[in-house]
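Secondary and tertiary structure notes
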Amino acid sequence: MAQAHRAPTPRGPSHQQVIAETGGRAKTEQFARLFMAPDVGHCRGGSGAAPADPLAALVKWVEQSKAPTTLLARNGPMSRRLCLWPAVARYDGHGNTNDAANFRCTGRQ
């Protein structure tokens, strides 16, 4: 039985627990970051855009101290920004809706 795709919300206590145990989101993001990929299955698949090259972002963070704030995601001709949680990508109202360049990360406080 295939697992249904769910809304982009951290599941289980793990992410919130890490934040709580390490002194808050700012401290946690010095070593761990969460990027939600809505409508993408555990092993890809689904209607959402999956991270195109997350390993490259990790290598850049580790080797050049440049932590990612977004990840590029793709699904066929569609591209999206995956935003640093809890932000989400929102269409800016201009241009092609299949182009990540036309989306902005919003909702981060």
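Residues numbered from 1 in each chain as written. Predicted model: local features only at pLDDT ≥ 70, side-chain atom pairs only at ≥ 80, totals over all residues. Heavy atoms only, no water.

**Some thoughts on a nonpolar patch on the surface**
Taken together, the side chains of Leu55, Leu58, Val59 and Val62 present a nonpolar region at the surface, about 370 Å² in accessible area. For Val59, the position within the fold is in helix 3 (residues 54-64). (Patch = residues over 30% accessible without salt bridge, like charges linked within 9 Å, V, L, I, M, F, W, Y side chains within 5 Å. Areas by Shrake-Rupley, 256 points an atom, 1.4 Å probe, with all protein chains shown as cover. Salt bridge = Lys/Arg side-chain N within 4 Å of Asp/Glu carboxyl O. Helix = DSSP H or I, 4+ residues; strand = E, 2+ residues; numbered from the N terminus.)

**Considering the confidence of the model for the protein chain**
For the protein chain, mean pLDDT is 87; residues scoring 70 or higher make up 87% of the total. Confidence over residues 1-7 falls short of pLDDT 50; this stretch has eight contacts with residues more than four positions distant or in other chains. (pLDDT = per-residue confidence, 0-100. Contact = heavy atoms within 4.5 Å.)

**Describing the nonpolar core**
In this structure, Phe35, Ala49, Ala57, Leu71, Ala73, Met78, Leu82 and Leu84 together form the largest nonpolar core, which totals eight residues. Looking at this core, the elements that each hand over two or more residues are strand 2 (70-75) and strand 3 (78-83). (Core = buried A, V, L, I, M, F, W, Y, C linked by side-chain atoms within 4.5 Å. Buried < 20%, exposed > 50% of the residue type's maximum accessible area, 1.4 Å probe, protein only.)

**Side note on the layout of surface pockets**
Empty space within the second largest pocket amounts to approximately 340 Å³. Taken together, 19 residues line the second largest pocket, and the ones lying closest to its centre are Met36, Pro38, Arg81, Leu82 and Ala89. Element by element, the count of residues in the lining of the second largest pocket is highest for strand 3, at five residues. Of the residues belonging to the lining of the second largest pocket, the class tally is 13 nonpolar, two polar and four charged. (1 Å grid on protein atoms, 1.4 Å probe; cavity = no way out; pocket = protein on both sides within 12 Å on 5 of 7 lines; lining within 4 Å. Points joined across faces, edges and corners; volume = space filled by probe spheres on them. Nonpolar A, V, L, I, M, F, W, Y, C, P; charged D, E, K, R; others polar.)

**Things to note about the state of the cysteines**
Each disulfide is one covalent bond, formed between the sulfur atoms of two cysteines. Scanning the entire structure with this criterion turns up one disulfide. Here Cys83 pairs with Cys105 through a disulfide, and the sulfurs are 2.1 Å apart. Of note, the bridge from Cys83 to Cys105 carries an S-S torsion of about -85° and is left-handed in sense. Of the two residues, Cys83 is situated in strand 3 and Cys105 in strand 5 (residues 103-106); the sequence distance between them amounts to 22 residues. Owing to a relative accessible area of 4%, Cys83 belongs among the buried residues under this scheme. Its relative accessible area of 32% is what places Cys105 among the partly exposed residues. (Disulfide = S-S within 2.5 Å.)

**Topic: the pattern of salt bridges**
Per the counting criterion, the structure on display carries one salt bridge. Across the salt bridge formed by Arg104 and Asp92, the nearest N and O atoms sit 3.5 Å from each other. Placement of the pair is Arg104 in strand 5 and Asp92 in the loop between strand 4 (88-91) and strand 5, with a sequence separation of twelve residues.

**A few points about the sheet that holds strand 3**
Strands sit in the order 1-2-3 across an open sheet of three strands; the sheet is antiparallel. Two strands lie at the open edges of the sheet, namely strand 1 (50-51) and strand 3, each paired on one side alone. Examined bridge by bridge, strand 2 and strand 3 share six bridges and lie antiparallel to one another. When the sheet's bridge partners are listed, Leu71 is paired in strand 3 with Leu82. (Pairing = 2+ DSSP bridges.)

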